[in-house]
Amino acid sequence: MTSPLTHFDTQGQAHMVDVSAKAETHRIARATGTIRMQPATLALIQGGTAKKGDVIGIARIAAIQAAKRTSELIPLCHPLPITRVAVEFEIDAASNSVRCTAQVETHGRTGVEMEALMAVQVGLLTVYDMCKAADRGMVMDGVRVLEKHGGKSGDWVATP
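**Let's talk about the sheet that holds strand 1 (residues 25–36)**
- The antiparallel open sheet is built from five strands, whose spatial order is 2-3-1-4-5. Looking at strand neighbours, the two that pair on one side only are strand 2 (82–92) and strand 5 (156–157), the edges of this open sheet.
- Bridge analysis of strand 1 against strand 4 (residues 139–149) gives eight bridges, and the strand direction is antiparallel. Counterpart to Ala-31 in the pairing with strand 4 is Val-145.
- The sheet contacts of helix 1 (residues 39–47) involve strand 2 and strand 3 (97–108), and relative to strand 2 the element is tilted by about 125°.
- Contacts from helix 2 (residues 55–68) reach strand 2 and strand 3, with the element oriented near 145° to strand 2.

**Considerations on the environment of Val-122**
- Checked against the element boundaries, Val-122 lands in helix 4 (residues 113–131).
- Taking the C-alpha atoms as reference points, Val-122 and Gln-65, 57 residues apart in sequence, are found 8.9 Å from one another.
- Sequence-distant contacts of Val-122, defined by excluding residues within four places in its chain, comprise Ala-62 and Ala-66.

**Some remarks on unusual backbone geometry**
- With phi around 50°, Asn-96 is a residue other than glycine that occupies positive phi space.
- Locating Asn-96 in the fold gives a position in the loop between strand 2 and strand 3.

**Some details on the pattern of salt bridges**
- Under the definition given, this model contains six salt bridges.
- The closest approach of N and O atoms between Arg-109 and Glu-24, which form a salt bridge, is 3.4 Å. In this pair, Arg-109 sits in the loop between strand 3 and helix 4 while Glu-24 sits in the segment before strand 1, placing the two residues 85 residues apart along the sequence.
- Look at Glu-24 and you get exposed, because its relative accessible area is 52%.
- The closest approach of N and O atoms between Glu-72 and Arg-69, which form a salt bridge, is 2.8 Å.

**Re the pairing of strand 1**
- Relative to strand 3, strand 1 is paired through 12 bridges, and the arrangement is antiparallel. Its bridge partner being in strand 3, Thr-34 is matched across the sheet by Arg-99.

**A short note on the side chain of Thr-34**
- Tracing the sequence through the fold places Thr-34 in strand 1.
- If sequence neighbours within four positions are ignored, Thr-34 has contacts with Ser-97, Val-98, Arg-99, Leu-124, Val-139, Met-140 and Asp-141.

**Focus on the environment of Val-19**
- Tracing the backbone shows Val-19 in the segment before strand 1.
- Assessed through its relative accessible area of 12%, Val-19 is described here as buried.
- For the pair formed by Val-19 and Gly-123, sequence separation is 104 residues and the distance between their alpha carbons is 29 Å.
- Look past the residues within four positions of Val-19 in its chain and what remains in contact with it is His-78, Arg-109 and Thr-110.

**Points about the nonpolar core**
- Ranked by internal contacts, the top residues of the largest apolar core, which has 29 residues, are Ile-35, Met-37, Ile-45, Val-87, Phe-89, Val-98 and Val-127.
- Mapped by element, the contributors of at least two residues to this core are strand 1, helix 1, helix 2, strand 2, strand 3 and helix 4.
- With eight residues, helix 4 is the single largest residue contributor to this core.
- Residues in contact with Ile-35, not counting those within four places in the same chain, are Asn-96, Ser-97, Val-98, Leu-124, Val-127, Tyr-128, Met-138, Val-139 and Met-140.

Parameters at a glance
Residues numbered from 1 in each chain as written. Predicted model: local features only at pLDDT ≥ 70, side-chain atom pairs only at ≥ 80, totals over all residues. Heavy atoms only, no water. Pairing = 2+ DSSP bridges. Helix = DSSP H or I, 4+ residues; strand = E, 2+ residues; numbered from the N terminus. Contact = heavy atoms within 4.5 Å. Axes fitted to C-alpha atoms, helices over the stretch in contact; angles between N-to-C directions. Salt bridge = Lys/Arg side-chain N within 4 Å of Asp/Glu carboxyl O. Buried < 20%, exposed > 50% of the residue type's maximum accessible area, 1.4 Å probe, protein only. Core = buried A, V, L, I, M, F, W, Y, C linked by side-chain atoms within 4.5 Å.

And the structure:
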């Protein structure tokens with residue numbers, strides 16, 4: 001019986017999955033996550049008055065860069081020719097939070113879920129970094145894959 005954990009060989013040793021026999025398809029993944037903060041911290045972000053500058057603009061660039069560099073940080077990820085990264089930030093004043101959602105696309109032999117997750121995580125970390133002088137108690141949570149499309153396993157959408 002083969003293990004559902006594809007990054008281990010039959011001897012239980014970690015390895016990079018061989019994707020050479022897989023078909024190249026258009027692959028898309030979307031991920032999301034949230035950072036919660038004090039109301040005053042959110043006001044700094046909304047007003048563009050954070051000491052380090054445009055928090056959302058810098059976080060967006062950081063998220064895009066992170067998606068492109070995922071294989072450098074996650075040991076068994078394949079380097080991928082990413083064709084698109086779109087990152088959105090949504091401010092929710094009612095919950096004093098900022099939601100980051102990233103969509104990553106490629107035409108390749110393996111999916112881009114890790115790249116979408118990395119974009120979200122680094123986007124949220126950048127918000128934290130830029131605002132930590134005002135609020136060290138910010139909390140990041142809810143990071144998850146929302147959907148993925150393409151490849152042998154087809155489409156998958158998270159349940160709400």
